[in-house]
Amino acid sequence: MTVAVFDHEGPWTEEDYLALGETSQRVELFDGSLHVTPAPTPRHQRISRKLGNILEAAAEAVGLELLEAVNVRLRPGRVPVPDLVITTPVDLDDPYIEAADVRLVCEIISPGNAATDNVLKMHYYAAAGIEWYLLVEQTTGALRLYQRRGRHYVEHQAVKRGAVLHLNAPVQATIRPEDLVP
């Protein structure tokens, strides 16, 4: 991928982005620019797997799908790769999931990337019409659930260790921070 990135001139299009293929880094497209982050840490992946296990059963119970680290097309030229998404049934061979199919998006906040998840992606996901946004603090397991109001999110629920997040939409699930973070 390195040669392809450094030899590229001008803004990146969706076609350029998709031509990169699968990479060992997480590569996202934001308005003509690539945002590249290293592979997630083992802690991050453990949280993702444990949360995914909880959400997958809940999603399947209501005919929805849980997907991990997939391209989500928010609009032309804007393709993030969220940690987890709950979607309507989609074509599993498409290169990306359309934002209109996403019911909940989840990001696990990495210490070096917190601003992207707390500001940039939050704004982009809300503007794209994704109803629910779940943030997980990687070091503490604290959970913050946001619901979209217009083109912005408002906090719906926030919990720390010892408390329980009761997710009632788009799926029914109970999430305890201590079940996610050792």
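Residues numbered from 1 in each chain as written. Predicted model: local features only at pLDDT ≥ 70, side-chain atom pairs only at ≥ 80, totals over all residues. Heavy atoms only, no water.

Draft legend 1. Here's a closer look at the layout of surface pockets. One number sums up the size of the largest pocket: a volume of about 550 Å³. Around the largest pocket sit 23 residues that line it, and E22, A69, V70, N71 and V81 are the ones nearest its centre. Elements that contribute at least two residues to the lining of the largest pocket include exactly α2 (14–19) and β1 (26–30). Residues of the lining of the largest pocket, tallied by class, amount to 14 nonpolar, 5 polar and 4 charged. Within this model, the second largest pocket holds a volume of roughly 260 Å³. Of all the secondary structure elements, the ones that give two or more residues to the lining of the second largest pocket are β1, β8 (102–109) and α4 (114–127). When its residues are assigned to classes, the lining of the second largest pocket shows 5 nonpolar, 6 polar and 6 charged. (1 Å grid on protein atoms, 1.4 Å probe; cavity = no way out; pocket = protein on both sides within 12 Å on 5 of 7 lines; lining within 4 Å. Points joined across faces, edges and corners; volume = space filled by probe spheres on them. Helix = DSSP H or I, 4+ residues; strand = E, 2+ residues; numbered from the N terminus. Nonpolar A, V, L, I, M, F, W, Y, C, P; charged D, E, K, R; others polar.)

Draft legend 2. The arrangement of the environment of D117 in detail. Along the chain, D117 falls in helix α4. Note: C-alpha distance between D117 and L135 (18 residues apart in sequence) is 7.9 Å. In this view, D117 contacts E107, I108, I109, S110, M122, Y133 and L135; residues no more than four positions away in its chain are not counted. (Contact = heavy atoms within 4.5 Å.)

Draft legend 3. Region of the structure containing the packing of aromatic side chains. Tallied over the entire structure, the rule returns 4 aromatic pairs. Ring geometry for Y125 against Y133: centres 5.3 Å apart, planes inclined by 70°, an arrangement best described as edge-to-face. With a centroid separation of 6.3 Å and an interplanar angle of 35°, the aromatic rings of Y133 and Y146 are classed as tilted. In this pair, Y133 sits in strand β9 (residues 132–137) while Y146 sits in strand β10 (residues 143–149), placing the two residues 13 residues apart along the sequence. Here Y133 and Y146 have matching classes, each one buried. One aromatic cluster is present, built from ring pairs that chain together Y125, Y133, Y146 and Y153. For the cation-ring pair, R78 lies above Y124, with the distance from its terminal atom to the ring centre recorded as 3.6 Å. (Phe/Tyr/Trp six-rings, centres within 6.5 Å; stacked < 30°, edge-to-face > 60°. Buried < 20%, exposed > 50% of the residue type's maximum accessible area, 1.4 Å probe, protein only. Lys NZ or Arg CZ within 6 Å of the ring centre and 35° of its normal.)

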